[in-house]
Amino acid sequence: MWRNDNPELPNNGIQAEKRLQQLKRRFQLSPEFAAQHKTVINDYIDKGFYAVKLSEEEAALTRSHTWYLPHHGVINENKSKVRVVYDAATRYEQTALNKELLQGPLLNKSFVGVLMRFRKN
């Protein structure tokens, strides 16, 4: 959910394009990484919930709250698959997507609370 009803996000297309070029260079250096990354992204698109493929017309549209979300792949040496990480904290013209979104609830229990309940019982 948005913090404001009508967020004003600058068009960060130039920054997102630079990040894409960096990712493409990494793909050229490691074709295996590229194949794994492509598999993960295609899986997201197939599920239809995490990502959707836009038509040319949809991709050309920009609105006051259009923001390109940069991402990159991370390989855990203990696991064999690529994990795609989205960077909503990246700044462009003194703003970031995270600044415009409401923060969700805390999902972890408070460590102090756990200790207090442990000592109480």
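To be clear, the structure that these remarks concern was listed above.
Residues numbered from 1 in each chain as written. Predicted model: local features only at pLDDT ≥ 70, side-chain atom pairs only at ≥ 80, totals over all residues. Heavy atoms only, no water.

Draft legend 1. Local environment of the pairing of strand S2 (residues 82-86). Bridging between strand S1 (residues 71-75) and S2 involves 5 bridges; their strand directions are antiparallel. Looking at S2, one finds that His-71 is bridged to Tyr-86. Linking S1 to S2, which pair antiparallel, is a turn of 6 residues. (Pairing = 2+ DSSP bridges. Helix = DSSP H or I, 4+ residues; strand = E, 2+ residues; numbered from the N terminus.)

Draft legend 2. A look at the packing of aromatic side chains. Applying the stated rule across the entire model yields 3 aromatic pairs. Aromatic side chains Tyr-44 and Tyr-50 sit 5.3 Å apart centroid to centroid with 50 degrees between the ring planes, which places their arrangement in the tilted category. Take Tyr-50: its relative accessible area is 53%, and that puts it in the exposed class. Note on Phe-49 and Tyr-50: the rings are 5.5 Å apart at their centroids and 75 degrees apart in plane angle, and the pair reads as edge-to-face. Assessed through its relative accessible area of 70%, Phe-49 is described here as exposed. An aromatic cluster of three or more residues is present, and its members are Tyr-44, Phe-49 and Tyr-50. Taking NZ or CZ as reference, Arg-26 lies 4.0 Å from the ring centre of Phe-33, over its face. (Phe/Tyr/Trp six-rings, centres within 6.5 Å; stacked < 30°, edge-to-face > 60°. Buried < 20%, exposed > 50% of the residue type's maximum accessible area, 1.4 Å probe, protein only. Lys NZ or Arg CZ within 6 Å of the ring centre and 35° of its normal.)

Draft legend 3. Highlighting the pattern of salt bridges. Under the defined criterion, the tally for this structure stands at 2 salt bridges. Here Asp-87 and Arg-19 are joined by a salt bridge, their closest N and O atoms 3.2 Å apart. Of this pair, Asp-87 sits in the loop between S2 and strand S3 (91-92) while Arg-19 sits in helix H1 (residues 13-29), and the two are 68 residues apart along the sequence. Its salt-bridge partner being Asp-43, residue Lys-47 comes within 3.6 Å of it at the nearest N-O pair. With Lys-47 and Asp-43 both in helix H2 (residues 31-47), this residue pair falls 4 residues apart, about one helical turn. Since its relative accessible area comes to 34%, Asp-43 is described here as partly exposed. (Salt bridge = Lys/Arg side-chain N within 4 Å of Asp/Glu carboxyl O.)

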